[in-house]
Amino acid sequence: MTGALRLLLESAGYYVSTAASITIALDISSADPPALALLDLTLPDGDGLSLVEPLHVAGCKTVVALTGHDDDDTRQRCLTAGCADVLVKPVPTRELLARTKAWLD
Amino acid sequence: MSRFESATNISTSRDTGPLVTSHTASLEARLKEAMLEIAELRARDGLKTQFLANISHDLRTPLTAVITHAEILRDGILGDLTPRQLESVRGIISGGRQLLNQVGEILTYARGSANQLTLVPTRFHLREVLEQVSALNESLLKKKRLSLAVDAESDLPPVIADREKIAHVVGNLLGNAIDFTPPGGRVWLHAARADGEERPSLRVEVGDTGVGIASEHHDLIFREFAQVDSTASRPHHGTGLGLTIARRLVELHQGRIWVESELGAGSRFHFTVPLEAPVD
C-alpha cells in the first residue's frame, strides 16, 4: 500500500518518505519532520496511533489515520488520539490528492 | 393384579437394580465424553472463526493496494491510457471493489460469530439511512433498469441505534433485491411503525418484484452460506452471508427479521428496530 501511495503523491509533486514500522517512523520524523503524516493503524511493532503524539512533538502539523476499519469506534479512537481526519482504505486517489492539497495549504 | 403377579414384579425390579445402576453409570460416562467433545468442537470452531477474521483483515491490505494502483493508472497520473486500456483498468477497479466488499462481509460475519460486534448507538431517522443506501445503489439500479421507491410513514420518531449497522442491513437486503429482480422490475424501501412488538419499534420493508422464494426456504436463507437454488443463484454473486449478517445485526439490536415471499411473486423482507438500542 505504501508503494501505491508514494507513487500517487510523488506524481503530484510531493516529497514522500515511507516507514514500515513505528521505530522507522520515529527515526525519520525526528530527523526531518513531515508536514503531513498518513498513518496506518496496524503496524508490525504496535498501534499506529501511538505515533500521533511523537509526530506532533517532532513538528508534524497534520496526522491523518488510514484504516481498513470502517466503523465509528475506530474513527472516535483516531480523533481522540489527535488525528485531523480518518480515511478508510482504499481511499479514492482523486479524493486523497484533493484532501492532501487542503491539509497542506 | 393378583398377589403373585405383584410379587413377581417386585422380584424382577430387585434383580434389575444392579443392571440399572451399571447402565446409568455407562450413560453418565458417555454424557461426560460427549460434553468434552462438544467443548473441543466449540474451541475448534472458535479458532476457525478467528482465523477467518484474521485472513479477511489481511486480505484487505493487498487488495487495497491493487485498487489504488489501478486508480493511479485510470486517472492518467502515470500518462494517458488508450480507451481500451482504460476500460480494462476500470474492470480491475470494479472487480477489486466487489472483492473488497465480500471480504468485508466475511470479516463482519466472523466478528459476529466470535461475539466481537458491539453497538455504537446514535440518534437518527430511518429515512436518512434508506436515502443514503439507495443513493449508493443508484448506478446498479440504473444498469438493471429497476425503479426504486423510498418512503417513510409521516411523523416517524428517530431511533437510537447503530446507524452504520442498520445501513449495512438495508444495504444487504437492497443488494439482494437488485440481484434477484429481472430488468425492468420494481424495488422499494419503506419505513413504518411496527405493531405488536414487545418494545416500541419501527419496521423497515425492502420489497421487490423479483424471482421470489418458496416458503419452505424462508428459514434456510437466513442460515450461513445458504443460497437457495443453485441454478437461480448462478448469475448472482455474493458470499451467501448477506442475510445471515443482516439477521445477526438486527438481533444485536434485539429486533426481528423475516421474509414474506412466494416463488415468482417477488419478496418482501421486513426487520424491526427498537426505538432505543439495548444497553449491554
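In the block above lies the structure referred to throughout.
No experiment lies behind these values; they were computed from the predicted model shown.

This brings us to the sheet that holds strand 7 (residues 267-274) of chain B. Within a beta sheet, neighbouring strands are joined by backbone hydrogen bonds and run either parallel or antiparallel to one another. Residue and element names in this part refer to chain B. On the basis of which strands lie adjacent, the open sheet formed by five strands has the order 2-4-5-7-6 and mixed pairing. Pairing within the sheet leaves two strands with one partner each, and these edge strands are strand 2 (147-152) and strand 6 (257-261). The average angle at which neighbouring strand axes cross in this sheet is 15°, direction not considered. Running over the sheet, helix 5 (residues 163-179) touches strand 2, strand 4 (186-193), strand 5 (201-208), strand 6 and strand 7 and is turned about 175° from strand 7.

Take the interface of chain A and chain B next. The interface of chain A with chain B comprises 22 residues on the first partner and 19 residues on the second. Interface area, chain A with chain B, both sides summed: about 1800 Å², of which 57% is carbon and sulfur. On the chain A side of the contact with chain B, A:Met1, A:Pro90 and A:Thr93 bury the most area, a combined 29% of that side's loss. Run the count over chain A and chain B and you get one salt bridge. Close ionic contact of A:Arg94 with B:Asp75 constitutes a salt bridge, the shortest N to O distance being 3.0 Å. Counting every contact that joins chain A to chain B gives five residue pairs in polar contact (both at pLDDT 80 or more). Elements with a contribution of two residues or more to the side of chain A that touches chain B: helix 1 (2-11), helix 4 (72-81) and helix 5 (93-104) of chain A. Of the residues forming the side of chain A that touches chain B, the biggest block, six residues, is contributed by helix 1 of chain A.

In this section: the nonpolar core. Ranked by size, the top nonpolar core spans 41 residues in total, and within it B:Leu126, B:Ile166, B:Val170, B:Leu173, B:Phe269 and B:Phe271 carry the most contacts. When residues of this core are traced back to their parent elements, those giving at least two are helix 3 (126-136), strand 3 (159-161), helix 5, strand 4, strand 5, helix 7 (242-252), strand 6 and strand 7 of chain B. No other element matches the eight residues that helix 5 of chain B contributes to this core. Residues A:Leu39, A:Leu55, A:Val63 and A:Val86 belong to the second largest nonpolar core, which totals 16 residues.

Next up on the list: unusual backbone geometry. Here the amide bond leading from A:Lys89 into A:Pro90 is cis, since omega sits at -5°, within 30 degrees of zero. Take A:Pro90: it is sitting in the loop between strand 5 (85-88) and helix 5. A positive phi angle, close to 55°, is found at B:Arg145, a residue other than glycine. Topologically, B:Arg145 is positioned in the loop between helix 4 (138-143) and strand 2. For B:Arg145, a relative accessible area of 58% translates into the label exposed. Although it is not a glycine, B:Asp155 sits at a positive phi angle of roughly 60°. Tracing the backbone through its elements, the reader meets B:Asp155 in the loop between strand 2 and strand 3. Classification of B:Asp155 by relative accessible area gives exposed; the value is 67%.

Our focus in this paragraph is the sheet that holds strand 1 (residues 36-40) of chain A. Residue and element names in this part refer to chain A. In space, the three strands of this open sheet follow the order 1-4-5, with parallel pairing throughout. The two strands at the open ends of the sheet, each matched to only one other strand, are strand 1 and strand 5. Sheet twist, expressed as the mean angle between neighbouring strand axes with direction ignored, is 25°. Of the pairings in the sheet, the one linking strand 4 (residues 62-67) to strand 5 comprises four bridges and is parallel in character. Of the residues in strand 5, the one forming a bridge with Thr 67 is Val 88.

In this section: the packing of aromatic side chains. What characterises a pair of aromatic rings is the spacing of the ring centres plus the angle enclosed by the ring planes. All names here are of chain B. If you walk through the whole model with that rule in mind, you get one aromatic pair over all chains. Here the aromatic rings of Phe 222 and Phe 269 are separated by 6.2 Å at their centres, their planes lie at 80°, and the arrangement is edge-to-face. In this pair, Phe 222 is assigned in the loop between strand 5 and helix 6 (230-233) and Phe 269 in strand 7, connecting sequence segments 47 residues apart. We note that Phe 222, like Phe 269, is buried. Positioned over the ring face of Trp 258 is Arg 256, at 4.3 Å from the centre of the ring.

Turning our eyes to something else, we now look at the packing of helix 1 of chain A against helix 5 of chain A. Residue and element names in this part refer to chain A. Look at helix 1 against helix 5: their axes get within 11 Å of each other, and the N-to-C directions meet at 55°. Regarding the angle of helix 1 to helix 5, the classification is oblique. Handedness of the helix 1/helix 5 crossing: right-handed. Residues Leu 5, Leu 8 and Leu 9 of helix 1 form the contact with helix 5, whose participating residues are Thr 93, Leu 96, Leu 97 and Thr 100. Split by residue class, the contact of helix 1 with helix 5 holds five nonpolar, two polar and no charged.

Residues and elements named next belong to chain B. Within the secondary structure, Thr 49 sits in helix 1 (residues 3-74). At 2.8 Å, the side chain of Thr 49 forms a polar contact with the backbone oxygen of Asp 45. Contacts of Thr 49, omitting those with residues within four sequence positions, involve Ala 110, Ser 113 and Ala 114.

Cut-offs and rules
- Residues numbered from 1 in each chain as written.
- Chains lettered and ligands numbered in written order.
- Predicted model: local features only at pLDDT ≥ 70, side-chain atom pairs only at ≥ 80, totals over all residues.
- Heavy atoms only, no water.
- Pairing = 2+ DSSP bridges.
- Helix = DSSP H or I, 4+ residues; strand = E, 2+ residues; numbered from the N terminus.
- Axes fitted to C-alpha atoms, helices over the stretch in contact; angles between N-to-C directions.
- Contact = heavy atoms within 4.5 Å.
- Buried area = accessible area lost by both parts, 1.4 Å probe.
- Salt bridge = Lys/Arg side-chain N within 4 Å of Asp/Glu carboxyl O.
- Polar contact = N/O pair within 3.5 Å; in protein donor to acceptor, adjacent residues only side chain to side chain.
- Core = buried A, V, L, I, M, F, W, Y, C linked by side-chain atoms within 4.5 Å.
- Buried < 20%, exposed > 50% of the residue type's maximum accessible area, 1.4 Å probe, protein only.
- Phe/Tyr/Trp six-rings, centres within 6.5 Å; stacked < 30°, edge-to-face > 60°.
- Lys NZ or Arg CZ within 6 Å of the ring centre and 35° of its normal.
- Parallel < 35°, antiparallel > 145°, perpendicular 65-115°, else oblique.
- Left-handed = near helix turned anticlockwise from the far one by under 90°.
- Nonpolar A, V, L, I, M, F, W, Y, C, P; charged D, E, K, R; others polar.

Keep in mind these numbers describe shape, not what the thing actually does.
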